[in-house]
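One-letter residues, chain by chain:
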Amino acid sequence: MAVSVVFGILVGTFYANHFSGNRLSIINNGSNRLNNLLRIIDDQYVDSVNIDDLVDKAIPQILAQLDPHSTYISAEDVQKVNSELKGSFSGVGIEFTIQRDTINVGNVIKGGPAEKMGLLAGDKIVEVDGKPFVGQVVTDTEARRRLMGPKGTKVEVGVVRYGTKAVKRFTITRADIVTPSIAATYMLNDSTGYIRIKSFGQKTYMEMLASLSQQGFSNLIIDLRDNNGGYLESAIQMADEFLPKDRLIVYTQGRKSPRRDYRSSGRGAYQTIPLVVLINEASASSAEIFAGAIQDNDRGTIVGRRSFGKGLVQQQIGFPDGSEIRLTIARYYTPSGRCIQKPYKLGDEADYDQDLLQRYERGELFSGDSIHHTGPAYHTTLGRPVYGGGGITPDIFVAEDTTDITSYYKQAVMSGLILQFAFNYTDANRPHLRTLTEVIDLANYLQGQGLVDQFATFGTHNGLPRRNLMIHRSYHLLDRFISSRVIYNMLDEQALMEYLNQDDPVVEAAIGVIKRHEAFPKKAAAAKPRRATSEMEPRR
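Residues numbered from 1 in each chain as written. Predicted model: local features only at pLDDT ≥ 70, side-chain atom pairs only at ≥ 80, totals over all residues. Heavy atoms only, no water.

### Points about the packing of helix α13 (residues 417–428) against helix α16 (residues 451–460)
- Contact pair α13 / α16: the axes reach a minimum separation of 10 Å and the direction vectors enclose 115 degrees. Comparing their axes, α16 and α13 come out roughly perpendicular. The way α13 lies across α16 gives a crossing that is right-handed. Here Leu 417, Ile 418, Gln 420, Phe 421, Asn 424 and Tyr 425 of α13 lie close against α16, whose contacting residues are Leu 451, Gln 454, Phe 455 and Phe 458.
- Split into classes, the residues belonging to the contact of α13 with α16 amount to 7 nonpolar, 3 polar and no charged. (Axes fitted to C-alpha atoms, helices over the stretch in contact; angles between N-to-C directions. Helix = DSSP H or I, 4+ residues; strand = E, 2+ residues; numbered from the N terminus. Parallel < 35°, antiparallel > 145°, perpendicular 65-115°, else oblique. Left-handed = near helix turned anticlockwise from the far one by under 90°. Contact = heavy atoms within 4.5 Å. Nonpolar A, V, L, I, M, F, W, Y, C, P; charged D, E, K, R; others polar.)

Structure follows, in C-alpha cells:
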C-alpha cells in the first residue's frame with residue numbers, strides 16, 4: 001500500500017471540491033522508478049525496512065521540490081490540523097500546559113464536559129484511565145491522544161488540586177468542543193468596535209457575525225495580526241460583508257485551474273461603516289486575501305507592517321491510510337491583479353524561511369522606507385499604487401518598538417521562563433486572584449505585586465543571571481508580559497487582548513485614523529505607506 005501511495009502522488013488522478021479534502025484515486029502501473037526502487041529495497045536491502053516510515057519521510061522531500069506550501073500531513077497529525085480549521089474537536093474541554101512532566105490545566109472551556117464535571121483551572125492531571133500519567137511519557141502528542149477521542153466515549157482523569165495531596169478522580173464523557181477562531185470582540189471606546197481574528201476556519205464567518213451583532217459600534221477595527229490564514233471561502237464571506245455589490249474580492253488561477261472570480265453580493269451588513277484592518281509580518285494567506293480586497297477596493301485603511309506574502313492556493317487530498325497532502329493548484333490574485341506571493345527558490349525551504357529575518361536585518365520592521373517590493377505596481381479603484389510579489393504593504397506603517405528590548409528580556413522570553421514564572425505565580429495565588437474577575441481590577445492588583453523583582457529572583461534560580469541595568473531598561477516590557485500571562489491564566493483570551501491593547505501602538509494608530517475620519521482612503525500620488533503621526537507613535 002505504501003508503494004502505491006508514493007506512486008500515486010506522481011501519476012494518480014484525483015477529484016476534489018475547492019474547499020474540502022477528497023480521496024485520491026491511486027493508479028499503479030509499475031513503471032515508475034520510485035515504485036520500483038521501493039520494491040527493490042523491500043525485497044533485497046540488507047536489513048528489514050519499514051516501508052511506511054520510509055514513505056512518510058520521502059513524500060515531504062518530493063513536495064519540497066515544488067513550492068514552500070505544498071505539504072504532507074501524516075495520518076496521526078491530520079485530526080489535529082483539521083480540527084484547528086474546522087473549529088471543533090472531540091475531547092474533554094481543557095487548555096493545558098506541561099510543566100515539570102505534568103499536565104497543568106490552564107483553562108477549562110466554558111460549557112465543556114470538564115467544566116460540567118467540576119475540573120478547575122490549576123488542577124494537575126496525574127492519572128488517565130486509572131494509570132499514572134506523569135514523567136517523561138507526558139508529551140503534548142501523548143496527552144492529546146489520551147484525552148481526545150470519539151464523542152460519547154468516557155475517560156477517567158485523576159487530578160491533584162491546589163492545597164491538597166489527595167488524587168481526586170473525575171469520569172468525563174467526551175463531547176464536541178468548539179475552538180473559536182475569534183479571540184476577542186469588545187468596544188475600544190464609545191463608538192469603535194474591535195475584533196481579533198486568529199485564523200480563518202469553517203465557522204469564522206458565522207462567529208464574526210454573531211460577535212459583531214452584540215456590539216453597538218459605528219466604526220470597526222479588525223485585527224488580523226499573527227493570523228496565518230485558513231479557508232479561502234471564509235475570507236471571501238467576510239469581505240462580502242463590507243463591500244458594495246459586484247466588487248471583485250479575489251480571483252484564483254492555475255495551470256489546471258481556470259480563472260475563477262469571486263465577487264461581492266451586495267448583501268453585506270457593514271458596507272458603509274468606517275473600517276481599519278491591522279496586519280503584520282505574520283498575517284498570511286486568507287488574512288492577506290481579506291486585507292487585499294479591502295485595500296484594492298479602497299474600502300478601508302490597512303495599518304501595521306507588511307504581511308507575510310503567501311499567494312498560493314492548496315487543495316487538500318486524502319490517502320487511504322488517513323494521511324493527506326495539501327498541493328498547490330493555483331495562485332490567488334487581489335482585485336487589482338497582483339499576486340502577493342513572495343519569491344522562493346524551488347527546493348530551498350531554508351532560504352524561504354529566512355525572509356522574516358532578512359526583513360529585520362534590513363530594517364523593514366522599523367522603517368516603512370526599507371520595505372523591499374519585488375513585484376510591479378498595480379492600482380486600486382481610486383488609482384492608489386499597490387505592489388505585488390511580497391505581501392500586503394499597509395497604508396499606514398507602524399514600526400516595531402524595540403527601544404527597551406535587552407538581551408536579558410530576549411533570553412527571559414525565548415527560554416520560556418516568563419511563562420513558567422507566570423504559571424507558578426498564578427497557581428500559588430489562585431484563591432485570591434479568583435476574586436478579581438475584571439481585567440482592570442486584576443491588572444491594578446498585579447501592578448502592586450513587584451512581579452518583575454519576583455521574576456528576576458526566579459530567573460536567577462533557573463539559569464538566568466540577574467542584570468539590574470537591563471532589567472531597569474526592560475522593566476515595562478517584563479511587567480507587561482508577566483501580567484498579561486497571569487491575566488490569561490486567570491481569565492481568558494479576550495481579557496488578555498483587552499489588557500495588551502491598552503498601550504498597543506498599532507491599535508492606537510488605528511484609533512487615530514478613525515478620529516481623523518481617514519478610514520476611507522482618498523486618491524493620493526504617494527507610493528509609500530505613510531508613517532503613523534505623532535499621536536500614534538510607538539512608546540519610547
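### What about unusual backbone geometry?
- Positioned with a positive phi, Asp 246 is a non-glycine residue whose angle comes to about 65 degrees.
- Mapped onto the elements of the fold, Asp 246 is located in the loop between α8 (232–240) and β15 (248–253).
- The phi dihedral of Asp 298 falls on the positive side, at around 50 degrees, and the residue is not glycine.
- Judged by relative accessible area, which is 8%, Asp 298 ranks as buried. (Buried < 20%, exposed > 50% of the residue type's maximum accessible area, 1.4 Å probe, protein only.)

### Regarding α8
- Counting buried positions over the 9 residues of α8 gives 7, a clear majority of the element.
- Within α8, the full set of buried residues consists of Leu 232, Ser 234, Ala 235, Ile 236, Met 238, Ala 239 and Asp 240.
- On its buried face, α8 sits against β13 (192–197), α7 (204–212), β14 (219–223), β15, β16 (260–263) and α9 (286–296).

### Here's the deal with the nonpolar core
- In terms of nonpolar packing, the biggest core is built from 39 residues, with Ile 222, Phe 242, Val 277 and Phe 290 touching the most fellow members.
- Of all the secondary structure elements, the ones that give two or more residues to this core are β13, α7, β14, α8, β15, β17 (275–279), α9 and β20 (324–333).
- If we skip the residues at most four places from it in the chain, Phe 290 touches Phe 200, Ile 222, Leu 224, Ala 235, Met 238, Ala 239, Phe 242 and Val 277.
- Leu 442, Leu 446, Val 452 and Leu 500 belong to the second-largest nonpolar core, a separate cluster that totals 32 residues. (Core = buried A, V, L, I, M, F, W, Y, C linked by side-chain atoms within 4.5 Å.)

### Section: the environment of Val 513
- With respect to the helices and strands, Val 513 occurs in helix α20 (residues 505–515).
- For the pair Val 513 and Pro 274, spaced 239 residues apart in sequence, the C-alpha separation works out to 9.7 Å.

### A closer look at the pairing of strand β6 (residues 102–108)
- Counted residue by residue, β6 has 7 buried out of 7 residues, so it is predominantly covered.
- The pairing of strand β5 (residues 94–99) with β6 spans 6 bridges and is antiparallel. Bridged to Glu 95 within β6 is Asn 107.
- Connecting the antiparallel pair β5 and β6 is a turn made up of 2 residues, with Arg 100 showing a positive phi of about 50 degrees.
- Across 2 bridges, the pairing between β6 and strand β7 (residues 124–128) is antiparallel. If you follow Asn 104 over to β7, its bridge partner there is Lys 124. (Pairing = 2+ DSSP bridges.)

### Quick look at the side chain of Gln 341
- With respect to the helices, strands and loops of the structure, Gln 341 is situated in the loop between β20 and α10 (349–353).
- Polar contacts involving the side chain of Gln 341 include one to the main-chain carbonyl oxygen of Gly 309, which spans 3.5 Å.
- A distance of 2.7 Å separates the side chain of Gln 341 from the backbone nitrogen of Gly 311, its partner in a polar contact. (Polar contact = N/O pair within 3.5 Å; in protein donor to acceptor, adjacent residues only side chain to side chain.)

### Observations regarding the pairing of strand β10 (residues 167–173)
- Alignment of strand β9 (residues 154–160) against β10, held across 7 bridges, turns out to be antiparallel. Counted as the bridge partner of Val 159 is Lys 168 from β10.
- Between β9 and β10, which pair antiparallel in sequence order, lie 6 residues; one of them, Gly 163, sits at a positive phi of approximately 85 degrees.

### So, the packing of aromatic side chains
- This model, assessed by the stated rule, comprises 11 aromatic pairs.
- Joined through ring pairs, the aromatic side chains of Phe 217, Phe 242, Tyr 270 and Phe 290 make up one cluster.
- Stacked on the ring of Tyr 251, the Lys or Arg Arg 259 has its end atom at 3.6 Å from the ring centre.
- For Lys 342, the ring lying beneath its charged end belongs to Phe 308, and the centroid distance is 3.5 Å. (Phe/Tyr/Trp six-rings, centres within 6.5 Å; stacked < 30°, edge-to-face > 60°. Lys NZ or Arg CZ within 6 Å of the ring centre and 35° of its normal.)

### Focus: α13
- Given a rise of 1.5 Å per residue, 12 residues ought to cover 16 Å, and the 16 Å separating the end C-alpha atoms of α13 matches this to within 8%.
- By the burial criterion, the buried members of α13 are Leu 417, Ile 418, Phe 421, Ala 422, Phe 423, Tyr 425, Thr 426 and Asp 427. (Expected span 1.5 Å × (residues − 1).)

### Looking at the environment of Val 92
- Relative to the assigned elements, Val 92 resides in the loop between β4 (88–91) and β5.
- As a C-alpha pair, Val 92 and His 379 span 287 residues in sequence and 50 Å in three-dimensional space.

### Thoughts on the confidence of the model for the chain
- In this model, the chain carries a mean pLDDT of 87, and residues with pLDDT of at least 70 account for 90%.
- Below pLDDT 50 for its whole length, residues 1–31 participates in 74 contacts with residues either more than four positions away or in separate chains.
- Contacts for the low-pLDDT stretch residues 534–540, under 50 throughout, to residues beyond four places or in other chains number 21 contacts. (pLDDT = per-residue confidence, 0-100.)

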